[in-house]
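Each chain, letter by letter, is given below.
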Amino acid sequence: MGNTVAREDFEWVYTDEPHATRRKEILAKHPEIKALMKPDYNLIWVVTLMVLAQWIAFYLVKDLDWKWVMFWAYVFGSCISHSMTLAIHEISHNSAFGNCKSMWNRWFGIFANLPLGLPYSISFKRYHMDHHRYLGGDGIDVDIPTDFEGWFFCTRFRKFIWIVLQPFFYAIRPLCINPKPISRLEIINLLAQLSFDVVIYYYLGVKSVFYMLAGSILGLGLHPISGHFIAEHYMFLKGHETYSYYGPLNLLTFNVGYHNEHHDFPSIPGKSLPLVKKIAAEYYDNLPQYNSWIKVLYDFVMDDTISPYSRMKRKLKGDVKQD
């Protein structure tokens with residue numbers, strides 16, 4: 001339990017991120033993929049049904065014993081909440097209404113955010129675009145852990161705690177690495193969320209509010225779906241920066257597991273990423289891949305050569321344009 005991992009710093013690389021280059025190669029060979037770069041209007045109805053499902057759940061748990069509130073928060077609420085964060089991820093790429101209606105996507109993201117209990121959508125959009133443009137960029141990409149995380153969470157027990165506390169680190173990391181002035185839309189997101197939370201508390205009570213917040217925190221922490229946080233970019237194999245997952249949990253996560261495909265074509269909705277893989281199979285079939293997010297979590301904790309330091313990091317050159 002107390003073994004310390006060998007890695008003591010990030011894997012610094014001096015090459016550009018690989019996805020832009022591969023995108024050009026694939027489009028030159030398979031131009032038909034451009035036809036997939038269009039909105040997924042079904043996302044609107046799926047997200048709306050998910051929000052309604054959580055509203056119904058808020059009502060159903062309001063008079064339950066606390067043990068059952070906690071049970072349903074983990075078994076059901078956590079799955080819906082984590083899935084909703086990935087719906088917000090889709091919306092951040094304008095997949096619901098398309099690039100020509102970007103503000104419609106922002107408002108819809110605020111709506112999708114409501115059952116999470118904490119404001120998330122607008123800030124996520126601002127930082128996530130940096131992650132795509134400047135993958136691994138030092139001081140820009142807040143998906144990269146801080147030096148403290150890499151230094152401190154270096155034993156099996158501490159790595160386990162790090163996984164449990166993932167929601168905390170994803171919330172606080174932008175303030176440590178790349179703080180941005182708060183925007184008007186972030187203020188609107190905050191006020192809308194606080195108003196919604198107050199309404200839920202006033203009409204349904206504290207148990208419904210607890211179910212909402214606990215589901216979000218538990219779903220983003222020690223949960224099978226949370227394996228995607230580590231599976232996407234943590235370097236289990238030296239030299240490979242992004243990894244895809246092709247297991248069944250993609251059905252609950254808008255195909256976020258197709259992560260090489262997503263970074264290659266961020267304008268293609270998750271629904272169509274399996275088709276990207278099928279069309280350009282020669283580019284994806286031989287890349288390292290996963291079939292179990294649970295095994296990713298287990299291996300991350302138990303492998304003494306893997307830690308939060310197991311990420312590629314690069315110094316950025318030239319002008320950096322952020323949202």
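Residues numbered from 1 in each chain as written. Predicted model: local features only at pLDDT ≥ 70, side-chain atom pairs only at ≥ 80, totals over all residues. Heavy atoms only, no water.

For the chain, an unreviewed UniProt entry supplies the name Sphingolipid delta(4)-desaturase DES1 and the organism Pelusios castaneus. The annotation that UniProt attaches to the chain under Function (unreviewed entry) is "Has sphingolipid-delta-4-desaturase activity. Converts D-erythro-sphinganine to D-erythro-sphingosine (E-sphing-4-enine). Catalyzes the equilibrium isomerization of retinols." (UniProt positions renumbered as here; feature names shortened; annotations may be inferred.)

Counting its regular elements, the chain contains 15 helices and four strands. Taken over C-alpha atoms, the radius of gyration comes to 20 Å for the chain, in line with the 20 Å a tight globule of 323 residues would show. Here the C-alpha coordinates of the chain stretch approximately 55 × 50 × 40 Å along the principal axes. Of all intrachain contacts in the chain linking residues separated by at least 6 positions in sequence, the fraction that spans at least 24 positions is 79%. Of the accessible surface of the chain, which amounts to about 15,400 Å², a share of 66% is contributed by carbon and sulfur atoms. Looking at the chain, you have 32 positive and 30 negative side-chain charges, and the mean spots of the two groups are 4 Å apart. (Helix = DSSP H or I, 4+ residues; strand = E, 2+ residues; numbered from the N terminus. Rg over C-alpha atoms; globule rule 2.2 N^0.38 Å. Contact = heavy atoms within 4.5 Å. Areas by Shrake-Rupley, 256 points an atom, 1.4 Å probe, with all protein chains shown as cover. Lys, Arg positive; Asp, Glu negative; His and termini not counted. Charge placed at Lys NZ, Arg CZ, Asp CG, Glu CD.)

Here we take up the pattern of salt bridges. Once the charged atoms of two side chains with opposite charge are near each other, the side chains can pair. Across all of its chains, the model carries 16 salt bridges by this definition. A salt bridge links Glu11 to Lys238, with the shortest nitrogen-to-oxygen separation between them at 2.6 Å. Of this pair, Glu11 sits in strand β1 (residues 11-13) while Lys238 sits in the loop between α11 (227-231) and β2 (244-245), and the two are 227 residues apart along the sequence. What makes Glu11 buried here is its relative accessible area of 18%. Looking at Lys238, the relative accessible area reads 64%, which means it is exposed. (Salt bridge = Lys/Arg side-chain N within 4 Å of Asp/Glu carboxyl O. Buried < 20%, exposed > 50% of the residue type's maximum accessible area, 1.4 Å probe, protein only.)

Here we take up the layout of surface pockets. By volume, the largest pocket is sized at about 1,100 Å³. What lines the largest pocket is a set of 39 residues, among which Tyr120, Ser123, Phe124, Tyr170 and Ala171 lie closest to the centre. Counting residues per element, the ones that place at least two in the lining of the largest pocket are α3 (66-92), α5 (121-133), α8 (166-177), α9 (184-204), α10 (206-219) and α11. For the lining of the largest pocket, the per-class residue count stands at 23 nonpolar, 11 polar and five charged. Considering only enclosed or pocket space, the second largest pocket measures out at about 510 Å³ in volume. Asp16, Glu17, Arg133, Tyr134 and Leu135 are the residues nearest the centre of the second largest pocket, which is lined by 21 residues in total. Of all the secondary structure elements, the ones that give two or more residues to the lining of the second largest pocket are α1 (19-29) and α5. For the lining of the second largest pocket, the residue count by class is nine nonpolar, four polar and eight charged. (1 Å grid on protein atoms, 1.4 Å probe; cavity = no way out; pocket = protein on both sides within 12 Å on 5 of 7 lines; lining within 4 Å. Points joined across faces, edges and corners; volume = space filled by probe spheres on them. Nonpolar A, V, L, I, M, F, W, Y, C, P; charged D, E, K, R; others polar.)

Residue position: Met302 is located in helix α15 (residues 293-302). Taking the relative accessible area as the measure of exposure, Met302 reaches 32% and is therefore partly exposed. Sequence separation between Met302 and Lys62 is 240 residues, and the spatial gap between their C-alpha atoms is 39 Å.

Attention shifts here to the nonpolar core. Proteins that are soluble and globular tend to have nonpolar side chains buried together. Of all hydrophobic cores here, the largest spans 38 residues; its most connected members are Val47, Met84, Trp162 and Ile230. At the level of secondary structure, the elements contributing two or more residues to this core comprise α2 (42-61), α3, α4 (102-113), α7 (156-164), α11 and α15. (Core = buried A, V, L, I, M, F, W, Y, C linked by side-chain atoms within 4.5 Å.)

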